[in-house]
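One letter stands for each residue in the lines below.
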Amino acid sequence: MTIQQMQDEILRIKKEKDICILAHAYQNHEICEIADYVGDSFGLAVNASKDSKKNVLMCGVRFMAETVKIISPEKNVILVSPDAGCPMADQIKPEDLAELKKQYPDYTTVCYINTTAELKTYCDACVTSSAAINIVSKLPNDKILFVPDPHLGSWVAEKLPEKQFAFFEEGGCPTHFRLTAADVKKAKEAHPNALLLVHPECRKEIVDQADYVGSTTGIMDYAKKSDNKEFIIGTENSIVSHLQLACPDKQFYALSKMCVCMNMRLTTLGDVYAAVKGLAGEEITLPEETIIKAKKCIDVMLELG
């Protein structure tokens, strides 16, 4: 079976079985082509909630599928690759957060969307990378405990000097953490006319040199709309190939060949094919209490931004 034949079969079966396919932007292009929605994690969950289909396949990682279930508990949510997790979401446990809250008792706890459903139940507000500055700026408390990513948190803190921040210092995205200042120097020397576009999960030494800092979809939108013709991309390398296809008249370069998320690579087109046939994937189930409590911090984000 060719890629095209497998894609055609997936499209046929998902229509028969009333299936909505979600693909995070870090997925391979052949998966994005057969998805109903492609984008960042929270945007995918929102799109799924508005879609009439009752069955949802998540081509991404576990916390993303959990977020879909939290927002749409009535839907059947399947994680296509059950082993696909997010190291950052798994870095902080409820007991770690409890200890931090003892240290900072009068702080509002803000969690990044890249957290488990269980951890969200202990947080006051949730944020995405694209909305973090806006949401945190509107929180009435000027003291913020930001978890789990201290790099994203520090970027937000720099934009909001009127607020006081505390962080989970052991957190961070291993994929973005591989990027270094040496990579920036090498890339800029090789491509002096290119703009540097990076994700705020990167180290400060990377963010400080960027021409644009934003979410995955923010990076893609900026590159598409920019008059510039060359770009160095400081996020998961799949975005380079996606942009090359979307903007064939422009040049895109990976900041480092090491910026690859192994968890995102776990999901293949063959896995999606098996999942729509009911032969693969894991149904996401969450206790009703967890859904109710976790949704509260997401609702705060929606109310503020």
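Not measured: the values here are computed from a predicted model.

## Some details on the overall build of the protein chain
Then, number 1: Of regular secondary structure, the protein chain possesses 17 helices and 13 strands.
Then, number 2: For the protein chain, whose C-alpha radius of gyration is 19 Å, the value lies close to the compact-globule estimate of 19 Å for 305 residues.
Then, number 3: Seen through its C-alpha atoms, the protein chain measures out along the principal axes to roughly 55 × 55 × 30 Å.
Then, number 4: Taken across its 305 residues, the protein chain has 54% of its residues classed as buried.
Then, number 5: Taking the intrachain contacts of the protein chain between residues at least 6 apart in sequence as the baseline, contacts between residues at least 24 apart amount to 61%.
Then, number 6: Total accessible area on the protein chain stands at roughly 13,300 Å², and carbon and sulfur atoms take up 50% of it.

## Let's talk about unusual backbone geometry
Then, number 1: A cis geometry characterises the amide bond from V147 onward to P148, with omega recorded as -5°.
Then, number 2: Note on placement: P148 falls in the loop between β7 (143–147) and α9 (150–159).
Then, number 3: A positive phi is found at D18, a non-glycine position, where the angle reads about 60°.
Then, number 4: Looking at the secondary structure, you find D18 in the loop between α1 (3–16) and β1 (19–24).

## Observations regarding the packing of helix α4 (residues 62–71) against helix α17 (residues 288–304)
Then, number 1: For the pair α4 and α17, interaxial distance at closest approach is 9 Å and the crossing angle is 95°. Classified by the interaxial angle, the pair formed by α4 and α17 is roughly perpendicular. Here T67, K69 and I70 of α4 come into contact with α17, specifically with I291, A294, K295 and I298.
Then, number 2: Taken together, the residues that form the contact of α4 with α17 break down as 4 nonpolar, 1 polar and 2 charged.

## Description of the nonpolar core
Then, number 1: Counting 92 residues, the largest nonpolar core has V147, F165 and I233 as its most contacted members.
Then, number 2: Examining the composition of this core, we find that 6 residues originate from one element, α4, more than from any other.
Then, number 3: With residues near it in sequence (within four places) discarded, F165 still touches Y107, V136, I144, F146, G153, V156, A157 and L160.
Then, number 4: In terms of nonpolar packing, the next biggest core, distinct from the first, is built from 19 residues, I13, I19, I78 and V272 among them.

## Some words on the sheet that holds strand β6 (residues 125–127)
Then, number 1: The 4 strands lie next to each other as β6-β5-β7-β8, forming an open sheet whose pairing is parallel. Every interior strand has two partners, whereas the edge strands, β6 and β8 (164–167), have only one. Taking each pair of neighbouring strands and ignoring which way they run, the sheet shows an average axis angle of 30°.
Then, number 2: The pairing of strand β5 (residues 108–112) with β6 spans 3 bridges and is parallel.

## Some points on the pattern of salt bridges
Then, number 1: Under the definition given, this model contains 15 salt bridges.
Then, number 2: Residues E282 and R62 are paired through a salt bridge, measuring 2.8 Å at the closest nitrogen-oxygen approach. Pair noted here: E282 is in strand β13 (residues 282–283) and R62 is in helix α4, with a separation of 220 residues, a long-range link.
Then, number 3: Accessibility expressed as a relative area gives 30% for E282, which makes it partly exposed.
Then, number 4: Taking relative accessible area as the criterion, R62 reaches 26% and is therefore assigned partly exposed.
Then, number 5: Ionic contacts of the salt-bridge type, sharing partners, join the residues K14, D36, D51 and K53 into one network.

So, how was this worked out
Residues numbered from 1 in each chain as written. Predicted model: local features only at pLDDT ≥ 70, side-chain atom pairs only at ≥ 80, totals over all residues. Heavy atoms only, no water. Helix = DSSP H or I, 4+ residues; strand = E, 2+ residues; numbered from the N terminus. Rg over C-alpha atoms; globule rule 2.2 N^0.38 Å. Buried < 20%, exposed > 50% of the residue type's maximum accessible area, 1.4 Å probe, protein only. Contact = heavy atoms within 4.5 Å. Areas by Shrake-Rupley, 256 points an atom, 1.4 Å probe, with all protein chains shown as cover. Axes fitted to C-alpha atoms, helices over the stretch in contact; angles between N-to-C directions. Parallel < 35°, antiparallel > 145°, perpendicular 65-115°, else oblique. Nonpolar A, V, L, I, M, F, W, Y, C, P; charged D, E, K, R; others polar. Core = buried A, V, L, I, M, F, W, Y, C linked by side-chain atoms within 4.5 Å. Pairing = 2+ DSSP bridges. Salt bridge = Lys/Arg side-chain N within 4 Å of Asp/Glu carboxyl O.

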